[in-house]
Each structure stands twice: as C-alpha cells, then as structure tokens.
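Inside the fold
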Amino acid sequence: MIAGFFTYEAVMKSALKVAVFAVGLSTFAATTAQAQIGPYAGVMVSRAEINHTDLTSLGYKLGFQPSQNLAVEARLGTGLTDDSINGLTYEIDNYVGVYGKLLLPLGPQFSAYAIGGYSRAEGKIYNRTSPVHVWSDHDFSAGLGLDLYLSQNVSASMEWINLVDEVDLLSFGVSFTF
C-alpha cells in the first residue's frame with residue numbers, strides 16, 4: 001500500500017491556483033454559453049501526491065452528456081513525471097476508470113459536479129539498489145469539479161478526485177463537444 005496525503009500548504013496553494021484559473025478563464029468565456037449536451041472528448045493534466053512526492057499525469061476522457069444534469073465518461077491516463085524522496089522514486093504508470101457525473105448548473109457558463117465510479121491505477125516504487133516494487137490498486141472513486149463553458153463546443157474543467165486509495169488527482173482540462 002502507498003501512503004500519501006496532500007499537505008495543508010499544498011492544498012491551499014492548489015486551491016488558490018484553481019481560483020485564479022477560474023477567474024482568468026471566465027474573462028474569456030462566451031457570454032451566453034449553455035451546457036453542452038451530447039458526446040464529448042477531452043484531455044486533462046493532473047497533479048498527484050504520493051508519499052510527499054509530486055507527480056504529473058496526462059489523462060484522456062470520452063463521455064456522453066444526455067442532459068444538463070447527467071453525464072457518463074471513461075478515462076485513460078498515464079504518468080508524465082516521477083519524483084523521489086528519501087532515496088525512493090515514485091511513478092504512476094497508468095490509470096483507467098468509468099464514472100457518472102451529476103451536474104448542477106450554476107448559470108449559463110458554469111456547472112459544479114460530483115463524480116463517482118470505479119478506477120484502477122498502476123505505478124512503481126524503486127531505488128537504485130532494490131528491485132522495482134510495482135503497485136496496482138482498484139477502488140471506488142469520487143470527486144468534485146467545476147466546468148466552465150467557453151463556447152458552444154468547448155469547456156474547461158477543474159477537478160479533484162480520489163482516484164484510488166491514497167491517490168488523489170487535482171486536474172485541469174479542456175473538453176470538446178461534437
């Protein structure tokens with residue numbers, strides 16, 4: 001099992017970045033964008049902290065939103081960076097998941113959402129003198145997010161999700177409705 005958590009300072013810095021990101025994007029948002037109904041695809045860049053290490057991952061999502069209050073999506077991601085602490089190096093190799101999203105429109109440009117589903121993640125922990133310890137975990141996933149509709153077909157998202165036990169992701173993404 002991997003031990004990890006977000007420190008208070010890291011959470012506060014991340015929350016501030018999310019707030020600045022939201023305000024900045026809202027100045028460029030279309031004035032009357034609506035919830036985007038139909039199929040969508042997107043890309044996300046995520047920060048994960050495992051045992052006080054900072055990792056970055058790249059994720060892809062494919063989903064369908066049948067109404068302004070409900071969406072389902074599948075995600076696939078891979079680690080971009082590794083990080084070391086106390087002689088151990090941590091990596092996220094990949095993750096995959098299937099989720100349902102309950103959306104709450106907050107106006108013509110914003111929706112808050114709760115997301116839940118099932119995820120599987122794999123990674124490695126190693127040092128220079130020992131063999132690689134490969135970890136794999138699967139679990140129920142849950143999180144919260146905010147969608148900002150930039151135009152009729154483009155939205156930006158900010159999200160926190162507990163991917164698997166002790167692996168949280170803080171993500172920023174862009175989605176395209178087609």
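Note: the structure precedes this text.
All figures in this text were calculated on a predicted structure; none of them were measured in a lab. (Residues numbered from 1 in each chain as written. Predicted model: local features only at pLDDT ≥ 70, side-chain atom pairs only at ≥ 80, totals over all residues. Heavy atoms only, no water.)

**Concerning the side chain of Ser171**
Summarising the element assignment, Ser171 is placed in strand E9 (residues 167–177). Judged by its relative accessible area of 4%, Ser171 falls in the buried class. For Ser171, the residues in contact, after removing those within four places along its chain, are Met44, Val45, Ser46, Ser157, Met158 and Glu159. (Helix = DSSP H or I, 4+ residues; strand = E, 2+ residues; numbered from the N terminus. Buried < 20%, exposed > 50% of the residue type's maximum accessible area, 1.4 Å probe, protein only. Contact = heavy atoms within 4.5 Å.)

**Considering the packing of aromatic side chains**
Any two aromatic rings considered together are summarised by their centre-to-centre distance and by the angle between their planes. On inspection of all chains with the given rule, the structure shows 0 aromatic pairs. Lying across the ring of Tyr99, Arg75 places its NZ or CZ 5.2 Å from the centre. For the cation-ring pair, Lys101 lies above Tyr113, with the distance from its terminal atom to the ring centre recorded as 4.1 Å. (Phe/Tyr/Trp six-rings, centres within 6.5 Å; stacked < 30°, edge-to-face > 60°. Lys NZ or Arg CZ within 6 Å of the ring centre and 35° of its normal.)

**So, the pairing of strand E2 (residues 53–67)**
Both strand E1 (residues 38–50) and E2 contribute to a ladder of 13 bridges, which runs antiparallel. Within E2, the position partnered with Val45 by the bridge is Leu58. Here E1 folds back onto E2, and the loop between the two strands holds 2 residues, one of which, Asn51, carries a positive phi near 50°. Looking at chain direction, E2 and strand E3 (residues 70–79) are connected through 9 bridges and run antiparallel. (Pairing = 2+ DSSP bridges.)

Honestly, that's just the spatial picture; any functional story needs more than this.
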